[in-house]
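Topology and contacts: notes
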Amino acid sequence: MNKYVKFLVMILVSTIVMFGMMYLNVFSIDHIFFSQTRIYMALMMGAAMAIIMLLFMWKMYENKKANIGILVVSALIFCLSLFLVRSQATIKDTDWMKAMIPHHSIAVLTSNRANLEDPEVKELAEEIIDAQEREIQQMKEMIKRLESEQ
């Protein structure tokens, strides 16, 4: 296999794996929803990884034009993904909730599993768990309603 094709496959596989890994810290499997924001984040990480890896392995890849092309395309993907994450330009109602549920789930996981000792901190963690679980349920119901109306 051509080493540039192998490089591309390595970056694509790593980007897909990073996308999946972003869901490993949810509290419950039913808190996993497809998220455009996480796609953009995975693309940012994959693009940054392509730039870093190519720069570290520059001498292994002799085609300078191809190298410059990879760097430019990776930088463009990074910038576009960063813009989409920061602007949330493509995110609509259900997209937003599908991104927020895993986000809330992380708060439930960390609040639930932390080794907390201070009574005030424990109370705050319990309040966070209650609020986040309530909001997750509310968002699930709203997603169901909005998707059934389409």
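See the structure shown above.
Here's a quick rundown of the structure. (Residues numbered from 1 in each chain as written. Predicted model: local features only at pLDDT ≥ 70, side-chain atom pairs only at ≥ 80, totals over all residues. Heavy atoms only, no water.)

1. Focus on the pattern of salt bridges
- Tallying each qualifying case throughout the model produces four salt bridges.
- Where Arg 145 meets Glu 149, a salt bridge forms, and the shortest distance between an N and an O atom there is 3.3 Å. Pair noted here: Arg 145 and Glu 149 are both in helix α5 (residues 119-149), with a separation of four residues, about one helical turn.
- The exposure class assigned to Glu 149 is exposed, which follows from its relative accessible area of 55%. (Salt bridge = Lys/Arg side-chain N within 4 Å of Asp/Glu carboxyl O. Helix = DSSP H or I, 4+ residues; strand = E, 2+ residues; numbered from the N terminus. Buried < 20%, exposed > 50% of the residue type's maximum accessible area, 1.4 Å probe, protein only.)

2. Some remarks on a nonpolar patch on the surface
- A cluster of nonpolar side chains, contributed by Val 5, Val 9, Val 13, Val 17, Met 21 and Leu 24, occupies part of the molecular surface with about 530 Å² of accessible area.
- In this fold, Val 9 is placed in helix α1 (residues 3-21).
- Given a relative accessible area of 38%, Val 9 falls into the partly exposed group. (Patch = residues over 30% accessible without salt bridge, like charges linked within 9 Å, V, L, I, M, F, W, Y side chains within 5 Å. Areas by Shrake-Rupley, 256 points an atom, 1.4 Å probe, with all protein chains shown as cover.)

3. Topic: the packing of helix α4 (residues 93-113) against α5
- Direction vectors running N to C along α4 and α5 enclose 155 degrees, while the axes themselves pass 9 Å from each other. One way to sum up the angle between α4 and α5 is to call them roughly antiparallel. Considering how the two elements wind past one another, α4 and α5 form a crossing that is left-handed.
- Counted by class, the contact of α4 with α5 contains 14 nonpolar, six polar and six charged residues. (Axes fitted to C-alpha atoms, helices over the stretch in contact; angles between N-to-C directions. Parallel < 35°, antiparallel > 145°, perpendicular 65-115°, else oblique. Left-handed = near helix turned anticlockwise from the far one by under 90°. Nonpolar A, V, L, I, M, F, W, Y, C, P; charged D, E, K, R; others polar.)

4. Observations regarding the environment of Ile 11
- Along the chain, the position of Ile 11 falls in helix α1.
- When the C-alpha positions of Ile 11 and Gly 46 are compared, they lie 6.1 Å apart, and in sequence the two are 35 residues distant.
- With sequence-adjacent residues up to four places away left out, Ile 11 is seen in contact with Gly 46, Met 49, Ala 50 and Met 53. (Contact = heavy atoms within 4.5 Å.)

5. Let's talk about a negative patch on the surface
- A grouping of Glu 117, Asp 118, Glu 120, Glu 123, Glu 126, Glu 127, Asp 130 and Glu 133 is seen on the molecular surface, where their side chains present a negatively charged patch.
- The topology assignment puts Glu 127 in helix α5. (Lys, Arg positive; Asp, Glu negative; His and termini not counted. Charge placed at Lys NZ, Arg CZ, Asp CG, Glu CD.)

6. Describing the packing of aromatic side chains
- Evaluated as defined, the whole model comprises four aromatic pairs.
- Taken together, Tyr 4, Phe 7 and Tyr 61 form an aromatic cluster joined through their ring pairs.
- Directly above the aromatic system of Tyr 23 lies the positively charged group of Arg 38, at a separation of 5.2 Å from the ring centroid. (Phe/Tyr/Trp six-rings, centres within 6.5 Å; stacked < 30°, edge-to-face > 60°. Lys NZ or Arg CZ within 6 Å of the ring centre and 35° of its normal.)

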